[in-house]
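Listed below are the residues making up each chain.
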Amino acid sequence: MNDFTGYFLSFFANISTILAFTYIASLAYKFILYKLPVIWMRRLYIALSIAAGWLSMMYGTQYSQSVIFDLRFVPIIVAPLFLTRASHIITIGAGIGIARLTFGLNHAAWAGFANALILGFVTALCVRVLARYKLHPLIYFGIIILIVNIVNVVDIAFLGVYPAIKYLVEMAPFSAPASLLFSFFFAFILHDFKTDFQRRQELNSTNQKLAEQFRLSQEKAEELQRIRFQLEEKNHELILASRYKSEFLANMSHELRTPLNSMLILSQFLAENPNDTLSEEEIEFAEIIHTSGQDLLNLINDILDLSKIEAGRMSISLGEVSVLEVRESMNRMFEHVAVQKNLTFTINSSSFPDIIHTDEQRLQQILKNLLSNAFKFTVRGGVTLEFLVETDEYGQRHPAVHVRDTGIGIRPDKLEQIFEAFYQADGTTSRKFGGTGLGLSISREFAILLGGDIRLASQEGTGSTFTLLLPSSSLSGGDQELRLLAEEAKVPRPMTFTPVQHEELDTSANPAGAGPGVAEADLPLPSPDTAARTAAEETDAAPQPVTRDLLQGVTVLVVDDDPNNVRSLSAVLESRGAIIIKAYSGQECLNLLGQRPDIDIILMDIMMPEMNGKSAIRQIRRMEEFKSLPIIALTAKAQAIERQECLRAGASDYMSKPIDSDALIHMLRDWTHERT
């Protein structure tokens, strides 16, 4: 070889050029090129590949005139690493061939042009053929490198400036292995670059996706924040609306019960005709007024119960319930109804335990509603109340109560709807049967509160069967399980309502210089007789009829700011022999006590202006001589907490308005019989 030094100078210049291009391309991609669209990156790669081939050939001609050595075909060989289209690879080969012509238009230049173009076509063909096979990347590029290097040697031998034999014998043994070696070397380097390129591309793509997801998440977070603010605003509005609703119901209950009190007391008083001045028709009219008033009172109670259920404030009191007492109570309530409507009324509990564990008041209220419905819609035949124990599909035993009637029945499409509040199977204004449609709705809610349910089977024209199903723990006495069931059932439905804010224990009305209030333990508590009587009142057990002169000689101080209530109570009590003293405010009551030490008992209205009834009771209890004086609190607030607050304030007993005059007379007699 005549110019061995120039050969190696050209050799190392080629290596340095390609390495430099690779490094520069890596840096350019890392900081700049990755931002370009893919199509522009491909175009840039083709241009750089042609430029690398041109530089390789330039160094070859510069360092050796006799022996030209370059690596112009390396950019063509490694092109499949980054390009998949055959046209792109052929473009690189053609571009390098054209670049060879810039060094002069002679035989060697045209041979170089043809060589680069042929290598481009061969590489593109290899890529097209090998793409059909799923080869490992090393095998894939190894085959391409071997084929292209062999074609390169053959091209130079037949197209080059040297005789083929001379090239194959003298030059190819040195250049071919070097070309093959460095083809693998640069392919390996650029494969790593491609791997890094793909990794960065995936990382950039992932970053873009994450950035987009972050942007979307930020937008969703802002949207959720807006929704949260809107929900909080709506919730605040609902709370206000619920509070207004609860306060409205409580206030309306009070306002309705106050005139009802006078109406019921006086209508009952007129119906008794104590002076024998009314005709039979007038007595009947008074009884109608009294019955209508009772119906209105029941409606008020139903609406309040429904409001408590919706607010999740309905509580239960679990304990042992005597089934015999429940039977007797239902029999007392509905025996006369059956007689009046000429119906049979049968109660059967032979296969039922004597004691179950549940809330007796709620149980009786459910049965009362179901039986009232049954008698209302039955005109012939009868009503049956049956207590029995049923076994469910899991083998658990449940106490069940069936209420069967032979009434009008219910259409199949109305079976579930009748449990909705204010819904009736016949909703026309000319319907034959009255009612508000609240009884069944309240009964089902009470049943759920007790851990059970109400089921209905009915056929139009033949009658209905309502089944109250209680939890199995009602048989075993599992009070804890029953309480858990009740707590779960107390979830507000359909929305949460704010409980009514009850009147706080007011001490601001105490006169100046008054001492501290009496401790709760020092206050007289209701006697056992009164507690039993109150329970009977809550379960609607009717009091025994009163006789004349039952309160003969008893001095009663009636305190109420409503003159109509004072007048109606006075008329009823005076007809029983009581001596009535009237006061129209809490302060007037305190003044009268100082003047009339002969007072036997006080009827104290709670809701009065200036000094309310609770404040007046506290003042009375601070007077040593009146610490044991019986005081009956009367209020139109029918909530259970009101009774507790009245007793804590010092009341001896409590009765809600409208007043049942017979029950009141018995209560007064029980508290005063020892004093008289």
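Residues numbered from 1 in each chain as written. Predicted model: local features only at pLDDT ≥ 70, side-chain atom pairs only at ≥ 80, totals over all residues. Heavy atoms only, no water.

### Some words on the overall build of the chain
Part 1 of the argument: Scanning the chain from terminus to terminus reveals 19 helices and 12 strands.
Part 2 of the argument: The buried share among the 676 residues of the chain stands at 45%.
Part 3 of the argument: For the chain, restricting intrachain contacts to residue pairs at least 6 apart in sequence, the fraction spanning at least 24 positions comes to 73%.
Part 4 of the argument: Surface exposure of the chain reaches about 34,800 Å², of which carbon and sulfur atoms provide 58%. (Helix = DSSP H or I, 4+ residues; strand = E, 2+ residues; numbered from the N terminus. Buried < 20%, exposed > 50% of the residue type's maximum accessible area, 1.4 Å probe, protein only. Contact = heavy atoms within 4.5 Å. Areas by Shrake-Rupley, 256 points an atom, 1.4 Å probe, with all protein chains shown as cover.)

### Considerations on the nonpolar core
Part 1 of the argument: Residues F345, L367, L385, F387 and L468 are the most contacted members of the largest nonpolar core, which totals 36 residues.
Part 2 of the argument: Of all the elements in the fold, those that place two or more residues in this core are α9 (323-340), β2 (344-348), α10 (360-376), β4 (382-391), β5 (397-405), α11 (439-449), β6 (453-459) and β7 (463-469).
Part 3 of the argument: Among the nonpolar cores identified, the runner-up in size contains 32 residues, and L81, A86, V127 and V148 belong to it. (Core = buried A, V, L, I, M, F, W, Y, C linked by side-chain atoms within 4.5 Å.)

### A few points about the pattern of salt bridges
Part 1 of the argument: Summed over the entire model, instances satisfying the criterion amount to 11 salt bridges.
Part 2 of the argument: Notably, a salt bridge pairs D560 with K657, separated by 3.1 Å at the nearest N-O pair. Of the two residues, D560 is situated in the loop between β8 (555-559) and α15 (563-575) and K657 in the loop between β12 (653-656) and α19 (661-672); the sequence distance between them amounts to 97 residues.
Part 3 of the argument: Each of E212, R215 and E219 takes part in one network of salt bridges that share partners. (Salt bridge = Lys/Arg side-chain N within 4 Å of Asp/Glu carboxyl O.)

### Describing unusual backbone geometry
Part 1 of the argument: Backbone geometry places N342, a non-glycine residue, at a positive phi of 60°.
Part 2 of the argument: With respect to the helices and strands, the residue N342 is situated in the loop between α9 and β2.
Part 3 of the argument: Residue class for N342 comes out exposed when judged on its relative accessible area of 67%.
Part 4 of the argument: Positive phi is not limited to glycine here, since E610 has a value of about 60°.
Part 5 of the argument: Structurally, the position occupied by E610 is in the loop between β10 (601-605) and α17 (613-621).

### Points about the sheet that holds β5
Part 1 of the argument: The five strands lie next to each other as β2-β4-β5-β7-β6, forming an open sheet whose pairing is mixed. Bordering the open sheet on either side are β2 and β6, each of which pairs with just one other strand. Between one strand axis and the next, the sheet turns through 20° on average, direction left out of account.
Part 2 of the argument: Pairing of β4 with β5 involves nine bridges; the strand directions are antiparallel. Along β5, the bridge assignment pairs L388 with A400.
Part 3 of the argument: Running at roughly 175° to β2, α9 makes contact with β2 and β4 of the sheet.
Part 4 of the argument: Its contacts with the sheet place α11 against β6 and β7, and it is angled at close to 135° to β6. (Pairing = 2+ DSSP bridges. Axes fitted to C-alpha atoms, helices over the stretch in contact; angles between N-to-C directions.)

### Thoughts on the side chain of R576
Part 1 of the argument: Relative to the assigned elements, R576 resides in the loop between α15 and β9 (579-583).
Part 2 of the argument: By relative accessible area, which is 3% here, R576 ends up buried.
Part 3 of the argument: Within the local environment of R576, its side chain forms a polar contact with the side chain of E272, the two groups lying 2.8 Å apart. (Polar contact = N/O pair within 3.5 Å; in protein donor to acceptor, adjacent residues only side chain to side chain.)

### Describing the environment of V321
Part 1 of the argument: Its place among the elements puts V321 in strand β1 (residues 319-322).
Part 2 of the argument: Along the primary structure V321 and D354 are separated by 33 residues, whereas in three dimensions their C-alpha atoms are 8.3 Å apart.

### Quick notes on the packing of aromatic side chains
To describe a pair of aromatic rings, you give the distance between the ring centres and the angle between the ring planes.
Part 1 of the argument: Counted according to the given criterion, the structure contains four aromatic pairs.
Part 2 of the argument: Plain terms: the ring middles of F345 and F375 are 5.3 Å apart, the flat faces sit at 75° to each other, and that makes the pair edge-to-face. Note that F345 is positioned in strand β2 and F375 in helix α10, a separation of 30 residues in sequence. Neither residue differs from the other here; F345 and F375 are each classed as buried.
Part 3 of the argument: Through a chain of ring-to-ring contacts, three or more aromatic side chains come together here, namely F334, F345 and F375.
Part 4 of the argument: The positively charged end of R43 is found above the aromatic ring belonging to W40, 4.7 Å away from the centroid.
Part 5 of the argument: The side chain of R362 reaches across the aromatic face of F446, ending 5.1 Å from its centre. (Phe/Tyr/Trp six-rings, centres within 6.5 Å; stacked < 30°, edge-to-face > 60°. Lys NZ or Arg CZ within 6 Å of the ring centre and 35° of its normal.)

### Brief notes about the packing of helix α16 (residues 586-595) against α17
Part 1 of the argument: Following both chains from N to C, one finds α16 and α17 inclined at 25°, their axes separated by 9 Å at the closest point. Classed by the angle they form, the pair α16 and α17 counts as roughly parallel. Considering only the axes of α16 and α17, their crossing is right-handed. Mapping the contact onto sequence places G586, C589, L590 and L593 in α16 and A616, Q619 and I620 in α17. (Parallel < 35°, antiparallel > 145°, perpendicular 65-115°, else oblique. Left-handed = near helix turned anticlockwise from the far one by under 90°.)

### Overview of the confidence of the model for the chain
Part 1 of the argument: In the predicted model, the chain carries a mean pLDDT of 75, and 73% of its residues have values of at least 70.
Part 2 of the argument: Between residues 422-436, whose pLDDT stays under 50, and residues either more than four places distant or in other chains, the model counts 22 contacts.
Part 3 of the argument: Note on residues 491-544: pLDDT is under 50 here. Beyond four places in sequence and across chains, it has 95 contacts. (pLDDT = per-residue confidence, 0-100.)

### Brief notes about helix α6 (residues 137-159)
Part 1 of the argument: With 23 residues, α6 extends 32 Å between its outermost C-alpha atoms, agreeing within 8% with the 33 Å of an ideal straight helix rising 1.5 Å per residue.
Part 2 of the argument: Turning to α6, its buried residues number three or more, namely Y140, F141, G142, I144, I145, V148, N149, N152, V153, D155 and A157. (Expected span 1.5 Å × (residues − 1).)

### Focus on the packing of helix α4 (residues 86-101) against helix α5 (residues 107-130)
Part 1 of the argument: Interaxial distance between α4 and α5 falls to 8 Å at its minimum, and their mutual angle equals 170°. Taken as axis vectors, α4 and α5 run roughly antiparallel relative to one another.
Part 2 of the argument: Considered class by class, the residues forming the contact of α4 with α5 number 16 nonpolar, five polar and two charged. (Nonpolar A, V, L, I, M, F, W, Y, C, P; charged D, E, K, R; others polar.)

### Considerations on a nonpolar patch on the surface
Part 1 of the argument: A cluster of nonpolar side chains, contributed by I118, L146, I150, V154, F158, L159 and F184, occupies part of the molecular surface with about 630 Å² of accessible area.
Part 2 of the argument: Per-element accounting of the nonpolar patch gives the leading share, five residues, to α6.
Part 3 of the argument: Along the chain, the position of L146 falls in helix α6. (Patch = residues over 30% accessible without salt bridge, like charges linked within 9 Å, V, L, I, M, F, W, Y side chains within 5 Å.)

### A closer look at the side chain of S464
Part 1 of the argument: For S464, the location among the structural elements is in strand β7.
Part 2 of the argument: Taking the relative accessible area as the measure of exposure, S464 reaches 6% and is therefore buried.
Part 3 of the argument: Setting aside residues up to four positions removed in sequence, S464 forms contacts with V403, R404, D405, G409, I410, L456, A457 and S458.

### Side note on the environment of E284
Part 1 of the argument: Along the chain, E284 turns up in helix α8 (residues 280-311).
Part 2 of the argument: For the pair E284 and L270, spaced 14 residues apart in the sequence, the C-alpha separation amounts to 9.7 Å.

### Some details on the pairing of β9
Part 1 of the argument: As defined by bridge partners, β8 adjoins β9 across five bridges and the pair is classed as parallel. The partner of V558 across the bridge, within β9, is K582.

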